[in-house]
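Take a look at the letters that make up each chain.
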Amino acid sequence: MNAAGSIDTADRVLLRENVTQFLAREARLLDEGQEEEWYGTLDDEYELFIPIRQATEPRSNEIDRSGYRTKETKAHVRIRLDRLATGMAYSEVPPSRTMRMVGSIDIEKTDRPDVVAVRSAVLLYRQRGIDPHFDLLPYRRYDTLRSTAEGLRLLSREIILTEVSLATPNLGLFL
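Calculation criteria
- Residues numbered from 1 in each chain as written.
- Predicted model: local features only at pLDDT ≥ 70, side-chain atom pairs only at ≥ 80, totals over all residues.
- Heavy atoms only, no water.
- Core = buried A, V, L, I, M, F, W, Y, C linked by side-chain atoms within 4.5 Å.
- Buried < 20%, exposed > 50% of the residue type's maximum accessible area, 1.4 Å probe, protein only.
- Helix = DSSP H or I, 4+ residues; strand = E, 2+ residues; numbered from the N terminus.
- Contact = heavy atoms within 4.5 Å.
- Pairing = 2+ DSSP bridges.
- Patch = residues over 30% accessible without salt bridge, like charges linked within 9 Å, V, L, I, M, F, W, Y side chains within 5 Å.
- Areas by Shrake-Rupley, 256 points an atom, 1.4 Å probe, with all protein chains shown as cover.
- Salt bridge = Lys/Arg side-chain N within 4 Å of Asp/Glu carboxyl O.
- Polar contact = N/O pair within 3.5 Å; in protein donor to acceptor, adjacent residues only side chain to side chain.
- Axes fitted to C-alpha atoms, helices over the stretch in contact; angles between N-to-C directions.

### Observations regarding the nonpolar core
Right, so step 1: If you look at the biggest cluster of nonpolar residues, it comprises 30 residues, and the most contacted ones within it are V19, V77, V118, Y139 and L145.
Right, so step 2: Elements with a contribution of two residues or more to this core: α1 (9-31), α2 (35-39), β1 (42-53), α3 (74-85), β3 (97-109), β4 (115-127), β5 (134-148) and β6 (151-161).
Right, so step 3: The element best represented in this core is α1, accounting for six residues.
Right, so step 4: If near-sequence neighbours (up to four positions away) are discounted, Y139 is found in contact with R100, S120, A121, V122, L124, I159, I160, L161, T162 and L175.

And the structure:
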């Protein structure tokens, strides 16, 4: 950083490379079914929020953060992973085949020197079993990433689903 407190060009380029690589690796791990390795990228203070979106409200008020489709911590993720390992998590038997495309990555400093705010857009393709039908789930992510000695860790994530009424039968996937 320079004296003015802004990120200099070399640091900005390195930060962008590290964040982009983190998001690409996360997408690959989830698409390849390596959830345990992905779990290792979560910060111990990890929180996920998927608020409700109201189609009848103006765009400035359509996100209702007083209600959530999903609200979970790292402990909740552990429970979900343990349940998946039983083979009785029927929403994912057989496991979905997925491909995540992550783009529109925007990175900003926060008031904490070890944390950055990252916005991105994701298009998630999902197909199950031999069913010829598939789901496309577009959404925006608002992440905070913490820099640790082991690398970047996902500290928090808010997901804003584009769809108000989901066409997919469940949200059993890690978004």
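### Brief notes about the pairing of β5
Right, so step 1: Sheet topology note: the β4/β5 ladder contains 13 bridges and is antiparallel. Looking at β5, one finds that Q127 is bridged to F134.
Right, so step 2: Between β4 and β5, which pair antiparallel and follow one another directly, the connecting turn spans six residues, one of which, G129, has a positive phi of 50°.
Right, so step 3: Summarising the sheet, β5 and β6 pair through ten bridges and their orientation is antiparallel. When the sheet's bridge partners are listed, T144 is paired in β6 with S156.
Right, so step 4: Linking β5 back to β6 in an antiparallel pair, the connection comprises two residues.

### A closer look at a nonpolar patch on the surface
Right, so step 1: On the surface, M99, M101, L123, Y125, F134 and L136 cluster together into a nonpolar patch covering about 580 Å² of accessible area.
Right, so step 2: Of all the secondary structure elements, the ones that give two or more residues to the nonpolar patch are β3, β4 and β5.
Right, so step 3: Position of Y125 among the secondary structure elements: in strand β4.

### Some details on the side chain of T41
Right, so step 1: Residue position: T41 is located in the loop between α2 and β1.
Right, so step 2: At 2.6 Å, the side chain of T41 and the backbone oxygen of W38 are in polar contact.
Right, so step 3: In this structure T41 touches F22, R25, L29, L152, R153 and L154, once residues within four positions along its chain are discounted.

### Some points on the sheet that holds β4
Pairing between the strands of a sheet is mediated by backbone hydrogen bonds and can be parallel or antiparallel.
Right, so step 1: Strand order across the open sheet formed by six strands is β2-β1-β6-β5-β4-β3, with mixed pairing between neighbours. The open sheet has two edge strands with one neighbour each: β2 (63-73) and β3. Neighbour to neighbour, the strand axes of the sheet diverge by 25° on average, direction disregarded.
Right, so step 2: Sheet contacts for α3: β1 and β2; angle to β2, the most-contacted strand, approximately 60°.

### Some details on unusual backbone geometry
Right, so step 1: Positive phi, close to 50°, is recorded for S104, a residue that is not glycine.
Right, so step 2: Following the sequence through the fold, S104 ends up in strand β3.
Right, so step 3: Judged by relative accessible area, which is 53%, S104 ranks as exposed.

### Points about the pattern of salt bridges
Right, so step 1: In the structure shown here, the tally under the stated rule is 20 salt bridges.
Right, so step 2: Of the charged contacts, one joins D135 and R126 as a salt bridge, the two residues approaching to 3.8 Å between their closest N and O atoms. As far as the burial class goes, D135 and R126 line up, both buried.
Right, so step 3: Of the charged contacts in the structure, one is a salt bridge between D143 and R141, with a shortest N-O distance of 4.0 Å.
Right, so step 4: In this structure D143 comes out as buried when scored by relative accessible area, which is 2%.
Right, so step 5: According to the relative accessible area criterion, R141 is buried, its value standing at 2%.

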